[in-house]
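Given next are the chains, with one letter for each unit.
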Amino acid sequence: MAVALTGPVVRSETTTVPVKKPKALLRSIARNKVLLLMCLPAIVFFIVFSYGPLPGVWIAFTSFNYRDGIFGSEFVGMRNFEFLIQSGQLWQLTRNTLLYNLAFIVLGNILQIALAIMLNEIRSKYFKKISQAVMFLPYFISVVLVGVIAFNLLNFDTGAVNALIEQTGGDPIKIYSTAGLWPIIIILFQLWQSTGYGSIVYFAAIMSIDNSLFEAAAIDGASAWQRIRYIILPSLKPTFIILLLFSLGGIMHGNFGLFWNLVGNNAALFSTTDIIETSVYRMILSQNNFTSSTAVGLYQSLFGFALVMLANWIVRRINKDYALF
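Residues numbered from 1 in each chain as written. Predicted model: local features only at pLDDT ≥ 70, side-chain atom pairs only at ≥ 80, totals over all residues. Heavy atoms only, no water.

### A few points about helix 6 (residues 125–136)
Its 12 residues give helix 6 an end-to-end C-alpha distance of 16 Å, which sits within 8% of 16 Å, the value for a rise of 1.5 Å per residue. Taken as a whole, helix 6 has its buried residues at Lys128, Ser131, Gln132, Met135 and Phe136. Buried residues of helix 6, viewed axially, fall in a sector of 125°; they line one side. What points out from helix 6, more than 90 degrees from its buried face, is the exposed set Tyr126, Lys129 and Val134. Of the surrounding secondary structure, the elements contacted by the buried residues of helix 6 are helix 5 (89–121) and helix 9 (182–207). (Helix = DSSP H or I, 4+ residues; strand = E, 2+ residues; numbered from the N terminus. Expected span 1.5 Å × (residues − 1). Buried < 20%, exposed > 50% of the residue type's maximum accessible area, 1.4 Å probe, protein only. Arc of directions from axis to C-beta. Contact = heavy atoms within 4.5 Å.)

### Section: the environment of Lys174
Looking at the secondary structure, you find Lys174 in the loop between helix 8 (160–167) and helix 9. You can call Lys174 exposed: its relative accessible area is 53%. On a C-alpha basis, the gap between Lys174 and Leu154 in space is 8.5 Å, while along the polypeptide they are 20 residues apart.

### Observations regarding the pattern of salt bridges
Taken as a whole and judged by the stated rule, the model has 4 salt bridges. Measuring nitrogen to oxygen at the nearest pair gives 3.7 Å for the salt bridge that ties Arg227 to Glu121. Of this pair, Arg227 sits in helix 11 (residues 224–249) while Glu121 sits in helix 5, and the two are 106 residues apart along the sequence. A residue is classified by how much of its surface remains accessible, and Glu121, at 25% relative accessible area, is partly exposed. (Salt bridge = Lys/Arg side-chain N within 4 Å of Asp/Glu carboxyl O.)

### Remarks on the nonpolar core
Ala60, Phe81, Leu84, Ile251, Ile276 and Val296 are the most contacted members of the largest nonpolar core, which totals 22 residues. Breaking this core down by element, the ones donating at least two residues are helix 4 (79–87), helix 5, helix 11, helix 14 (276–286) and helix 15 (290–318). No other element matches the 5 residues that helix 15 contributes to this core. Among residues more than four places away in sequence, those in contact with Ile276 are Leu93, Thr97, Met252, Val296 and Gln300. Of all hydrophobic cores here, the second largest spans 21 residues; its members include Phe104, Leu154, Ile185 and Leu262. (Core = buried A, V, L, I, M, F, W, Y, C linked by side-chain atoms within 4.5 Å.)

### So, the confidence of the model for the protein
Per-residue confidence for the protein gives a mean pLDDT of 85, with 93% of residues at or over 70. Across residues 1–10 the pLDDT falls below 50, and counting only partners more than four positions away or on other chains, this stretch makes 0 contacts in the model. (pLDDT = per-residue confidence, 0-100.)

### Observations regarding the environment of Ile276
With respect to the secondary-structure elements, Ile276 resides in helix 14. Residue classification places Ile276 among the buried residues on the basis of a relative accessible area of 0%. Ile276 sits 244 residues away from Asn32 along the chain, and the two C-alpha atoms are 41 Å apart.

Put into structure tokens, the structure is as follows:
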């Protein structure tokens, strides 16, 4: 006789006991300790100078005073930003900073590419090395010395430019009182100082091009211009786009040292030469105005971040291989 078992069936489940393993983070640190030590100075730098000062951003939203401190001062919301917008100062600073940096980026990259191509076309190695050394030299000259050179060239009484104008029968120009001339002057000095050094990356990119392409072009009878147009320039495209994106990251950050040493605190030139960095410096130095200067600095960082994200999105839509992320 078969007996049917109708009672509940009890199923035993096997319980997995977790095995203790060393933490993955500690193992990774131990495995890459040499690389981490090499990166340590950069990590400390960004912690101290980039992340450490972040709480100070709160000053932009307060009526700051020393007695109450950063977080004890009265909260005023967007009042500091409203003052800057209504005064028109923010628009002028943004316009000047953007236009100068756009000129530096566009003209700088064009001249750097042209210079790298010309260096590549030089056949004498000895002459090429001398040319590189001469072109790199301005980059290592202090901006203080650049300001001295500019003053000796441009000042009204004894400047070389006005002396030349007088010798040719013209009237001397009050350059340090003529705001319209200074965009050209500043751009020329910036290009003179940075073009030679900036061409290194493009020259290295040209050196990395496969020589078989040039050999095939020579066999086909391609001229020097055709080699430049159909081999070198297309090969430089990825490098140009990456450098452009990096440049856009700092498009709202002007070359404070160059501007301050060329122009100084000359109010007659502020309409065309005043950028965000010089304005913030004067606010703190002469007016002791931490709230407005912090508001301008925060606006500068957010605007630059938005430009980088927008440019990277556009590049990614066109060709994602050229995007930064």
